[in-house]
Amino acid sequence: MADVDKIMVEHIAKLARLNLSEKEIEGYTNDLISILEMANIINNINTDDVKETIGANIKYNVFRKDEIKNFENRELLLQNAPSQDEGMFRIPKVIN
Amino acid sequence: MPRDDYEVVIGLEVHCELSTKTKIFCSCPTTFGGDPNTHCCPICMAMPGTLPVLNEKVVEYAVKAGIATNCKISRNSKNDRKNYFYPDLPKAYQISQYDLPLCYEGYVNIENEAGEDKKIRILRIHIEEDAGKLNHDEYGRGSFVDLNRAGVPLIEIVSEPDLRSAEEAEIYMRKLKSILEYIEVSDCKMQEGSLRADVNVSIRKKGATELGTRTEMKNMNSFRSIVRAINYEVDRQVEVIENGGKITQETLRWDDVSGKTFPMRDKEDAQDYRYFPDPDLVAIKLSDEYIENIENSLPELPESRKKRYIADFNLTEKAANFVTGSKYYSNLFDEAVEVCKNPKSTGNMLMSDIARILNEKEQEPDSIPFSGKELGELILLIDKGTISSAIAKKVLEEMFTAEEKNPNKIIEIKGWVQISDEGAIKEVVNKILEANPQSVADYKAGKDKALGFLVGQAMKETKGKANPQLLNKLFIEELKK
Ligand SMILES: [Zn+2]
């Protein structure tokens, strides 16, 4: 893992569509450094006797039957949209 | 030709919508179309607090596809989040699979355009969810988001860069489509976007071992566009390199109208997807028994059907290849042969007339509007001498376009029943002989061609309905008098 620095935080902020002030960038840089330090401690724990797992949850194979349940309330789904038209979310024009 | 100095390297990422009844993580229907946002619920709309639960059929169908393409099946698998911002993706991440796909290391056998058998390796098959649809209006009032398609299950089949021409890419994709249709995990309707491909293209000097820089063309949904786009892109890359330039790795948009590729304004920093395991979902563990059960449930695949057609029906390799090239052809063939007991004629009719009509209409075998039984009836009519093969072609055209699909009814309505009545044909023969004394003289002087002319005239007179064998026989009889 590369060291966390200002440039990395700026990059992550850009990916997350966040506008951060200089001061916030500095704050997040320090936060991320300490989070990674914590992760590093966990990384160095001896796991010789621990079985390999996939993901954090010990459960597996939680499935759903392939049976249709219609929600049937479009109005409710759209009610919080800032703008809508003909049953669709209206958003600023996206150019492809 | 500089192009001949280069080897073309193509890899395909084929996306295939699975034909499950419901979406991958919620119980909304997957039916195509419908009013905007009517096949949606709080889960596929990514309302806060909702949780996804994996549809068991999605796993089953993906494993089916894996087994049918000779893949290994992962005993341990999981879902990961692929993060990017785009308005058609309500969660701002797509649930996909990263390092533990359900299927890996498979292959598909093809016969390429040069007639060579080739093995196209499959790197992996993973499950993921489809995105929604953005609509734009011509007034520029904005974009409109319809999430009916969001959450429809997909498998992505990633090939190794083993394809060496546009034609080979098309053959491979047709083969994949045919396999997916046979095992009934997808309807593969390209016009509805059920089957589409991202195409990676690069070139390198012949003999080079390192791969060139590739460009990617996204969301190609017709065979024709795929072939055109690859050929255009290869030419473009050759020109850039021949002029001393370098290929930039980028995503391109193929424009069918202008026949060109254009750089896509990349979804900003889209390469940085920051995959991580989805904490809302648990691991998928598949037992040997589960996989065996699926293996045993698979229907007969094209390769085995082909062998059977050659062994049991004596079809030629070419005909067997063609008929098994599509589930629709193959099922139509089976049904028709059941009725007419004439596999050879059925195979020929599929390969020549039906394929030609589909080609003219720019349609695929899944849009054939009549049943195998009806096709069998048509062949039976030829075999019984009720209609000539020339008339059969006309009946077939009718079966494609008219409401009435039953060939017996069609020839009745159209009055196309072959004239096999000797007396009636004799009348026509005499009429034609009388009208063409010169041809009669020519024939008697040894010009055999004249007979063909006379038969043609008689056919014209009867609008193609005269039994040709009988017509020939009677002409010769009369001329010998
Ligand atoms: Zn839903």
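The structure presented is a predicted model; accordingly, all values stated were derived computationally and were not measured.

(A) The overall build of chain A, seen in detail. Scanning chain A from N- to C-terminus turns up 3 helices and 3 strands. Traced from its N-terminal end to its C-terminal end, chain A shows the element sequence α-α-β-α-β-β. The C-alpha atoms of chain A give a radius of gyration of 22 Å, which is well past the 12 Å a tight globule of 96 residues would have. For chain A, the spread of C-alpha atoms along the principal axes amounts to about 55 × 45 × 25 Å. Across the 96 residues that make up chain A, the buried fraction comes to 19%. Pairs at least 24 residues apart make up 19% of the contacts formed inside chain A by residues separated by at least 6 positions. Put simply, chain A shows about 8,200 Å² of open surface, and 52% of that area lies on carbon and sulfur atoms. The average position of the 12 basic charges and that of the 17 acidic charges among the side chains of chain A differ by 9 Å.

(B) Region of the structure containing the overall build of chain B. Per the secondary structure count, chain B includes 15 helices and 17 strands. The dimensions of chain B, computed from C-alpha atoms along their principal axes, are 95 × 55 × 55 Å. Looking at chain B as a whole, 51% of its 481 residues qualify as buried. When contacts within chain B are restricted to residue pairs at least 6 apart in sequence, long-range pairs at least 24 apart make up 69% of them. In the form shown here, chain B has an accessible surface area of approximately 22,600 Å², with 49% of it arising from carbon and sulfur atoms. In chain B, the 67 positive side-chain charges and the 81 negative ones have mean positions that sit 3 Å from each other.

(C) Examining the sheet that holds strand β11 (residues 153–159) of chain B more closely. All names here are of chain B. Pairing is mixed across the open sheet formed by 9 strands, whose spatial order is β3-β7-β8-β11-β1-β12-β13-β14-β15. Whereas interior strands pair on both sides, the edge strands pair on one side only; in this sheet they are β3 (72–73) and β15 (260–263). With 4 bridges joining them, strand β14 (residues 251–255) and β15 adopt antiparallel strand pairing. If you follow Trp254 over to β15, its bridge partner there is Thr261. Against the sheet, helix α3 (residues 223–242) engages β1 (6–17), β12 (195–205), β13 (215–220), β14 and β15, with an angle of about 25 degrees to β12.

(D) Geometry of the coordination of the zinc ion. Residue and element names in this part refer to chain B. For the zinc ion, the full set of protein donor atoms is Cys26 (SG), Cys28 (SG), Cys41 (SG) and Cys44 (SG), and the range of their distances to it is 2.3 to 2.4 Å. Given 4 donor atoms and angles of 98 to 117 degrees at the metal, the environment of the zinc ion is assigned as tetrahedral. Within one chain, the residues serving as donors to the zinc ion are arranged as C-x1-C-x12-C-x2-C. In this pair, Cys26 sits in the loop between β1 and β2 (54–55) while Cys44 sits in the loop between β1 and β2, placing the two residues 18 residues apart along the sequence. The same class applies to Cys26 as to Cys44, namely buried.

(E) Structural detail: the packing of aromatic side chains. The full count for this structure, using the stated rule, is 9 aromatic pairs over all chains. Note on Tyr273 of chain B and Tyr275 of chain B: the rings are 6.1 Å apart at their centroids and 75 degrees apart in plane angle, and the pair reads as edge-to-face. In this structure Tyr273 of chain B comes out as buried when scored by relative accessible area, which is 19%. Among the residues examined, Tyr275 of chain B registers a relative accessible area of 27% and is labelled partly exposed. Grouping aromatic residues by their ring pairs yields a cluster made of Tyr84, Tyr98, Tyr273 and Tyr275 of chain B. The ring of Phe223 of chain B has Arg174 of chain B sitting right over it, with the charged end atom 3.9 Å from the ring centre. Above the face of the Tyr60 of chain A ring, Lys285 of chain B is positioned so that its terminal group lies 5.2 Å from the ring centre.

(F) Structural view of the interface of chain A and chain B. Across the boundary between the two partners, chain A contributes 35 residues, which contact 52 residues of chain B. In terms of surface lost to chain B, no three residues of chain A exceed Ile54, Arg64 and Asp66 of chain A, which account for 20% of the buried area on that side. For Arg141 of chain B, the salt bridge is made with Asp85 of chain A, and the minimal N-O distance between the two is 3.1 Å. Counting every contact that joins chain A to chain B gives 23 residue pairs in polar contact (both at pLDDT 80 or more). Mapped onto the side of chain A that touches chain B, the elements with two or more residues apiece are α1 (6–15), β1 (63–64), α3 (74–78) and β3 (88–91) of chain A. In terms of residue count, β3 of chain A provides more of the side of chain A that touches chain B than any other element does, 4 residues in total. Sheet topology places β1 of chain A next to β2 of chain B; 2 bridges connect them, and they run parallel. Directly across from Arg64 of chain A, in β2 of chain B, lies its bridge partner Asn55 of chain B.

(G) Inspection of the pattern of salt bridges at higher detail. Per the stated rule, a full pass over the model turns up 40 salt bridges over all chains. Lys6 of chain A is the salt-bridge partner of Glu10 of chain A, the closest N and O atoms lying 3.2 Å from each other. Linking Glu10 of chain A with Lys6 of chain A, this pair stays in helix α1, spanning 4 residues, or about one helical turn. The partner of Glu184 of chain B in a salt bridge is Lys327 of chain B, and the shortest N-O contact between them spans 3.6 Å. Of this pair, Glu184 of chain B sits in the loop between α2 (166–182) and β12 while Lys327 of chain B sits in helix α7 (residues 327–340), and the two are 143 residues apart along the sequence. Accessibility expressed as a relative area gives 12% for Lys327 of chain B, which makes it buried.

(H) A look at the domain arrangement of chain B. Domain annotation for chain B reports domain 1 (3–290), domain 2 (300–414) and domain 3 (422–479). Each of domain 1 of chain B and domain 3 of chain B was reduced to a C-alpha centroid, and the two centroids are 62 Å apart.

(I) Region of interest: α2 of chain B. Residue and element names in this part refer to chain B. Taking 1.5 Å of rise per residue, 17 residues should cover 24 Å, and α2 covers 24 Å from first to last C-alpha, within 8% of that figure. Of all 17 residues that make up α2, 13 are buried, and the element is covered over most of its length. Residue Glu184 follows α2 closely and has a positive phi angle near 55 degrees.

(J) Molecular detail of the sheet that holds strand β5 (residues 80–83) of chain B. Residues and elements named next belong to chain B. Taken in spatial order, the 3 strands make up an open sheet running β6-β5-β16, and their pairing is antiparallel. Every interior strand has two partners, whereas the edge strands, β6 (93–96) and β16 (276–277), have only one. Pairing between β5 and β6: 4 bridges, direction antiparallel. The residue of β6 that forms the bridge with Asn83 is Tyr93.

(K) Layout of the nonpolar core. Residue and element names in this part refer to chain B. Leu12, Ile155, Tyr172, Leu180 and Val199 are the most contacted members of the largest nonpolar core, which totals 66 residues. At 8 residues, the largest contribution of residues to this core is made by helix α1 (residues 56–68). Excluding anything up to four places from it in sequence, Tyr172 contacts Leu12, Val108, Ile110, Ile120, Ile122, Ile157, Ser159 and Leu163. The next biggest cluster of nonpolar side chains, apart from the first, holds 33 residues, and it includes Ala320, Tyr329, Met349 and Phe370.

The rules behind each value
Here the residue numbering is sequential within each chain, running from 1 through the sequence in written order. Both sets of labels track the order of writing: A upward for chains, 1 upward for ligands. Residue-level local features of this predicted model are given only where pLDDT is at least 70; pairs of side-chain atoms are given and counted only at 80 or more, and the full residue set underlies all totals for whole chains, interfaces and linings. Remark: hydrogens and water are excluded; side-chain values derive from all non-hydrogen atoms of the structure. By the criteria applied, helices consist of DSSP H or I runs no shorter than four residues and strands consist of E runs no shorter than two, each listed in order from the N terminus. In this setup the radius of gyration rests on C-alpha atoms only. A globule is expected at 2.2 Å times the number of residues raised to 0.38. For each residue, the accessible area found with a 1.4 Å probe, counting protein chains only, is set against the maximum for its type, and the residue is called buried under 20%, exposed over 50%, and partly exposed in between. Any two residues whose heavy atoms approach within 4.5 Å at even a single point are treated as in contact. Each accessible area value is a Shrake-Rupley result obtained with a 1.4 Å probe; residue values ignore everything except the protein chains displayed when judging cover. Residues scored as positive are Lys and Arg, those scored as negative are Asp and Glu, and His as well as the terminal groups of each chain are ignored. A charged residue contributes its charge at one atom only: NZ of Lys, CZ of Arg, CG of Asp or CD of Glu. Pairing between two strands requires that DSSP report at least two bridges joining them. Here the axes come from fitting lines to C-alpha atoms, over the contacting stretch only for helices, and the angles between their N-to-C directions go from 0 to 180 degrees. Metal coordination here is assigned from N, O and S atoms located within 2.8 Å of the ion, or within 3.2 Å for Na, K and Ca; omission of water means that sites may look incomplete. The rule is simple: four donors are tetrahedral if all their angles sit between 85 and 135 degrees, four are square planar and six octahedral if opposite donors span more than 155 degrees and the others lie between 65 and 115, and anything that fits none of that is irregular. Classification of ring pairs uses Phe, Tyr and Trp, with its six-membered ring standing for Trp, and accepts pairs whose centres are within 6.5 Å; under 30 degrees between planes counts as stacked, over 60 as edge-to-face, and the remaining range as tilted. When the NZ atom of lysine or the CZ atom of arginine is within 6 Å of a ring's centre and also within 35 degrees of its normal, the charge is said to sit over that ring. Using a 1.4 Å probe, buried area is obtained as the accessible area two parts lose upon being combined, added over both of them. For salt bridges, the criterion is a side-chain nitrogen of Lys or Arg within 4 Å of an Asp or Glu carboxyl oxygen. Here a polar contact is taken to be a pair of N or O atoms separated by no more than 3.5 Å, where protein atoms must pair a possible hydrogen donor with a possible acceptor and residues adjacent in sequence count only if both atoms sit in side chains. Reported domain spans reflect what an automatic or database domain assignment gives. Multiplying 1.5 Å by the helix residue count minus one yields the expected span of that helix. What is meant by a nonpolar core is a set of buried Ala, Val, Leu, Ile, Met, Phe, Trp, Tyr and Cys residues, joined one to another through side-chain atoms within 4.5 Å.

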